[in-house]
Amino acid sequence: LEIPTKYFNIHEQCLAFVKLLITKEQYTEALALLGTINLNALEKAGYREFSDVALGLVAKVISANPGFIAPALKLLAKVNLRPTNGEDHEAMLELGDSLRKLRQYTYSIKVYDRLATIMAPLPASPIKERARLWPIYCYFKVSSAYSKKPDAASQKVATQYLNAARTYLAAIDKKPPVRT
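What counts, and at which threshold
- Residues numbered from 1 in each chain as written.
- Predicted model: local features only at pLDDT ≥ 70, side-chain atom pairs only at ≥ 80, totals over all residues.
- Heavy atoms only, no water.
- Helix = DSSP H or I, 4+ residues; strand = E, 2+ residues; numbered from the N terminus.
- Buried < 20%, exposed > 50% of the residue type's maximum accessible area, 1.4 Å probe, protein only.
- Contact = heavy atoms within 4.5 Å.
- Lys, Arg positive; Asp, Glu negative; His and termini not counted.
- Charge placed at Lys NZ, Arg CZ, Asp CG, Glu CD.
- Axes fitted to C-alpha atoms, helices over the stretch in contact; angles between N-to-C directions.
- Parallel < 35°, antiparallel > 145°, perpendicular 65-115°, else oblique.
- Left-handed = near helix turned anticlockwise from the far one by under 90°.
- Nonpolar A, V, L, I, M, F, W, Y, C, P; charged D, E, K, R; others polar.
- Core = buried A, V, L, I, M, F, W, Y, C linked by side-chain atoms within 4.5 Å.
- Phe/Tyr/Trp six-rings, centres within 6.5 Å; stacked < 30°, edge-to-face > 60°.
- pLDDT = per-residue confidence, 0-100.
- Salt bridge = Lys/Arg side-chain N within 4 Å of Asp/Glu carboxyl O.

Looking at the overall build of the protein
Here is step 1 of the chain: Within the protein one finds 9 helices and 0 strands.
Here is step 2 of the chain: Secondary structure of the protein in N-to-C order comes out as α-α-α-α-α-α-α-α-α.
Here is step 3 of the chain: Dimensions of the protein, computed from the C-alpha atoms along their principal axes, are close to 60 × 40 × 30 Å.
Here is step 4 of the chain: Put simply, the protein has 180 residues, and 36% of those count as buried.
Here is step 5 of the chain: Expressed as a percentage of contacts within the protein between residues at least 6 apart in sequence, the contacts between residues at least 24 apart total 60%.
Here is step 6 of the chain: A gap of 8 Å separates the mean positions of the 25 positive and 16 negative side-chain charges of the protein.

Brief notes about the packing of helix α6 (residues 86-101) against helix α7 (residues 105-119)
Here is step 1 of the chain: Viewed as axis vectors pointing N to C, α6 and α7 meet at an angle of 160 degrees, and their least axial separation amounts to 8 Å. The angle between α6 and α7 falls in the class roughly antiparallel. In this structure, the crossing between α6 and α7 has a hand that is left-handed. On the side of α6, the interface is formed by His 89, Met 92, Leu 93, Leu 95, Gly 96, Asp 97, Leu 99 and Arg 100, while α7 contributes Tyr 105, Tyr 107, Ser 108, Val 111, Tyr 112, Arg 114, Leu 115, Ile 118 and Met 119.
Here is step 2 of the chain: Taken together, the residues of the contact of α6 with α7 sort by class into 11 nonpolar, 3 polar and 3 charged.

Digging into the nonpolar core
Here is step 1 of the chain: Judged by nonpolar contacts, the single largest core of 46 residues is most densely connected at Leu 34, Phe 50, Leu 57 and Leu 73.
Here is step 2 of the chain: For this core, the element with the most residues is helix α4 (residues 49-64), which contributes 8 residues.
Here is step 3 of the chain: Here Phe 50 is in contact with His 11, Cys 14, Leu 15, Leu 34, Ile 37, Leu 39 and Leu 42, once residues within four sequence places are set aside.

Remarks on the environment of Lys 141
Here is step 1 of the chain: Structurally, Lys 141 is set in helix α8 (residues 126-147).
Here is step 2 of the chain: The exposure class assigned to Lys 141 is partly exposed, which follows from its relative accessible area of 35%.
Here is step 3 of the chain: Separated by 24 residues in sequence, Lys 141 and Ala 165 have C-alpha atoms that sit 9.8 Å apart.

Topic: the packing of aromatic side chains
Here is step 1 of the chain: Counted by the stated rule, this structure contains 6 aromatic pairs.
Here is step 2 of the chain: With a centroid separation of 5.3 Å and an interplanar angle of 45 degrees, the aromatic rings of Tyr 139 and Tyr 168 are classed as tilted. Highlighted residues: Tyr 139 in helix α8 and Tyr 168 in helix α9 (residues 152-174), separated in sequence by 29 residues.
Here is step 3 of the chain: Judged by relative accessible area, which is 11%, Tyr 139 ranks as buried.
Here is step 4 of the chain: Given the relative accessible area of 23%, Tyr 168 is considered partly exposed.

What about the confidence of the model for the protein?
Here is step 1 of the chain: For the protein, mean pLDDT is 89; residues scoring 70 or higher make up 95% of the total.
Here is step 2 of the chain: The least confident element of the protein, judged by mean pLDDT, is helix α3 (residues 39-44) at 88; the most confident is α7 at 94.

Describing unusual backbone geometry
Here is step 1 of the chain: Of note, Glu 25 is a non-glycine position whose phi angle comes to about 60 degrees, a positive value.
Here is step 2 of the chain: With respect to the helices, strands and loops of the structure, Glu 25 is situated in the loop between α1 (11-23) and α2 (27-35).
Here is step 3 of the chain: The backbone of Arg 103 sits at a positive phi, close to 65 degrees, despite the residue not being glycine.

Here's the deal with the pattern of salt bridges
Here is step 1 of the chain: One pass over the full model with this rule turns up 9 salt bridges.
Here is step 2 of the chain: Arg 48 is the salt-bridge partner of Asp 52, the closest N and O atoms lying 3.0 Å from each other.
Here is step 3 of the chain: For Glu 129, the salt bridge identified is with Arg 132, shortest N-O distance 3.2 Å. Here Glu 129 and its partner Arg 132 are both found in helix α8, 3 residues apart, which amounts to about one turn of the helix.
Here is step 4 of the chain: Overall, Glu 129 belongs to the buried group, its relative accessible area being 18%.
Here is step 5 of the chain: Three or more residues are tied together by salt bridges with common partners; here these are Glu 43, Arg 48, Asp 52, Arg 82 and Asp 88.

Written out as structure tokens, the structure reads:
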């Protein structure tokens, strides 16, 4: 149920409350609150700042408590990333890098893939190239972890990740990054 803003304008107060929660490092509470809000509807009503706050919150939640990666990425999925906004691209790249450094390679792959998809039609840039290259490393790391397990199911998963890495490499071989 959505109530038109002209009848119940609570958005400014809600945004202030979310920012206060983040300032007080109450990240899980802010995550829960933003997770219940329709960010796309708010953006259409002129409240893009909710999505910007959510994008920044995801990284803070993950760095503060890696146990909240899944709920944080669920919130991230609700954020409309603007195809031509460099700040959105940088935030996504930093998030992918943070997940990779935490050795959360499968989550990192998802973030890099989403960023690469958004940036695909755009001209070449360092962020675009990093979003194309880092998933390969992550695929190899996941494949390596699964290949150390003796069971057949793990070996199958290892092969799938290895094949994904090879597919990415083949695509890069067709269009290698420009050397500067």
